[in-house]
Amino acid sequence: GESEWAEGGDYRLVSFARDVDAVVSTFDQPPFIIGASLGGFTAMLLAGELHPGVARGVVLVDIIPEMESAGSHRVAEFMSAKAKEGFSSLDEVADAIAAYNPHRPRPSNLEGLRKNVRERDGRWYWHWDPAFAGGGEGIADMGPSEVTDIDRLHAAVALIADDGIPLMLVRGRVSDLVSAEGAQRFCDRFPSVEFVDVSGAGHMVAGDRNDAFTDAVVGFLTRHSDA
């Protein structure tokens, strides 16, 4: 969140995908693309719509086209709740995060939270642009609305799979965005997908169980890399 906010509040997934494509175009060979949550949606549209063949493999971290609506609403509410008014202290920030992630211990040292917020006039605000969470004006069509186009996202994943690009889904076992049933339907729809279910992790898999997440990803890279 320390980079410049998007001019005009353009936070569409296709714009994210174009940004990633611009970076990838400088590489000597196609990379593996690992996308968590919104990054996973971006990876789907990049590798399955905008630039087929751009990736050697794709890892989706706790995200599938057909999310659980209750979980996605909870994320949206968390992001928008204090987007405009901010927080009076880092303690208040910690309380908000603890309420959203009750399975993760509340940090005793709050200094680490400074990377997630910025201070203005004695109050603390999330790093992200309020426009992203609907806090802007006149930009209703510039958010990541593609997340609701399930058919489009399924078509993108289908193209990736049909092209023989290795795919893996890493789910947090206590995730409220990707249910066990949803993950099973996704794997049934795309039988080539490798699946890892990480116990003790919610939607933020890497933050909750970084050891298990890293093992899963390194294993995937090892199986599918020529290097």
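The coordinates are above.
Residues numbered from 1 in each chain as written. Predicted model: local features only at pLDDT ≥ 70, side-chain atom pairs only at ≥ 80, totals over all residues. Heavy atoms only, no water.

## Observations regarding helix H1 (residues 13–24)
For the record, the criterion: Starting at the N terminus, helices and strands are each numbered in turn, a helix being any DSSP run of H or I of at least four residues and a strand any DSSP run of E of at least two. One fewer than the residue count of a helix, multiplied by 1.5 Å, yields its expected span. Buried means the residue's accessible area, taken with a 1.4 Å probe over protein chains only, is under 20% of the maximum for its type, while exposed means over 50%, and partly exposed covers the values in between. Residue contacts follow a heavy-atom distance rule, with two residues in contact if any of their heavy atoms lie within 4.5 Å.
For H1, with 12 residues, the first-to-last C-alpha span of 16 Å sits near the 16 Å given by 1.5 Å per residue. The set of residues buried in H1 consists of Leu 13, Val 14, Ser 15, Ala 17, Asp 21 and Val 24. Those residues of H1 that are buried lie in contact with helix H2 (38–50) and helix H5 (150–162).

## Some remarks on the sheet that holds strand S2 (residues 57–61)
The test is simple: A strand pair is defined by DSSP finding two or more bridges across the two strands. Axes, fitted as lines to C-alpha atoms, cover a helix only where it is in contact. Angles between the N-to-C directions of the axes lie from 0 to 180 degrees.
The strand order across the open sheet formed by 4 strands is S1-S2-S5-S6, and the pairing between neighbours is parallel. In this open sheet, the two edge strands, each paired with only one partner strand, are strand S1 (32–36) and strand S6 (194–198). Each neighbouring strand pair of the sheet contributes to a mean axis angle of 15°, computed without reference to strand direction. Packing of helix H6 (residues 180–189) onto the sheet brings it into contact with S2, strand S5 (167–172) and S6, and relative to S5 it is tilted by some 175°.

## Things to note about the pattern of salt bridges
Selection rule: For this analysis, a salt bridge means a side-chain nitrogen from Lys or Arg found within 4 Å of a carboxyl oxygen belonging to Asp or Glu.
A complete count under the given rule lists 12 salt bridges for this structure. Of the charged contacts in the structure, one is a salt bridge between Arg 106 and Asp 95, with a shortest N-O distance of 3.0 Å. Separated by 11 residues along the polypeptide, Arg 106 in the loop between helix H4 (90–100) and strand S3 (117–120) and Asp 95 in helix H4 bring together distant segments of the chain. A residue is classified by how much of its surface remains accessible, and Asp 95, at 43% relative accessible area, is partly exposed. Between Glu 111 and Arg 114 there is a salt bridge whose closest N-O contact spans 2.6 Å. Look at Glu 111 and you get partly exposed, because its relative accessible area is 44%. Given a relative accessible area of 38%, Arg 114 falls into the partly exposed group. A single network of salt bridges, built from pairs that share partners, joins Asp 91, Asp 95 and Arg 106.

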